[in-house]
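As a plain string of letters, each chain reads:
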Amino acid sequence: FCASVFTMALATVDTLINFLFDMYDLDKNKVMDKDELKECLEDVFGPPEQAEWFSILNECTRSLVNKYTRMGSVELSRKMFREMIRSNEPLMTYLPVFVLQRDMISKTLGARVFNAKPRLEVMPHDFVHATFAKTAAEL
């Protein structure tokens, strides 16, 4: 648990966006198709059939899906996905990975501690070893 807190708190924005891309690229073909993008955005804003107050956010979802998959292109590269996330404030605010990062920082050791540490440019596959630089024998 502690290693996960450190990993999430120390990840850069691009590291978290790349983590999201990998998580929603369900077929692992290194592009996000319209259905994968829609699933990602619905996890944030909810499906269109949810309560009425979701209507604005659902419109944002539909708009983003249409904007980033227009002109016959139905796939987003990692770079396009990163651009889409960074250029849309609701996504930077409400995507669960960013909410989780803010909460882990504020509700554990605080921003002062985490800001003093070097940021993670790549999300490690093995949080414990990568975060604490320990070998299996040391654990």
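That block above? That's the structure.
As the structure is a computational prediction, the values presented were derived from the model and not from experiment. (Residues numbered from 1 in each chain as written. Predicted model: local features only at pLDDT ≥ 70, side-chain atom pairs only at ≥ 80, totals over all residues. Heavy atoms only, no water.)

Engineer: Quick rundown of the pattern of salt bridges? Include the residues and the values.
Structural biologist: A side chain of one charge can pair with a side chain of the opposite charge if their charged atoms are brought near each other. Tallying each qualifying case throughout the model produces two salt bridges. One salt bridge in this structure joins Asp-22 and Arg-78, with 2.7 Å as the shortest N-O distance. Here Asp-22, found in helix α2 (residues 13-24), pairs with Arg-78, found in helix α5 (residues 78-86); they are 56 residues apart in sequence, far enough to count as distant. Using a relative accessible area of 37% as the deciding quantity, one classes Asp-22 as partly exposed. For Arg-78, a relative accessible area of 27% gives the class partly exposed. (Salt bridge = Lys/Arg side-chain N within 4 Å of Asp/Glu carboxyl O. Helix = DSSP H or I, 4+ residues; strand = E, 2+ residues; numbered from the N terminus. Buried < 20%, exposed > 50% of the residue type's maximum accessible area, 1.4 Å probe, protein only.)

Engineer: Account for helix α7 (residues 96-107), naming residues and giving values.
Structural biologist: Between its terminal C-alpha atoms α7 stretches 16 Å, which fits the 16 Å expected from 12 residues at 1.5 Å a residue. Along α7, the positions that sit buried rather than exposed are Val-97, Phe-98, Gln-101, Met-104 and Ile-105. Down the axis of α7, the sector holding all buried residues measures 130 degrees, keeping them to one side. Where the residues of α7 are buried, they touch α1 (2-10), α2, α5, α6 (89-94) and α8 (111-115). (Expected span 1.5 Å × (residues − 1). Arc of directions from axis to C-beta. Contact = heavy atoms within 4.5 Å.)

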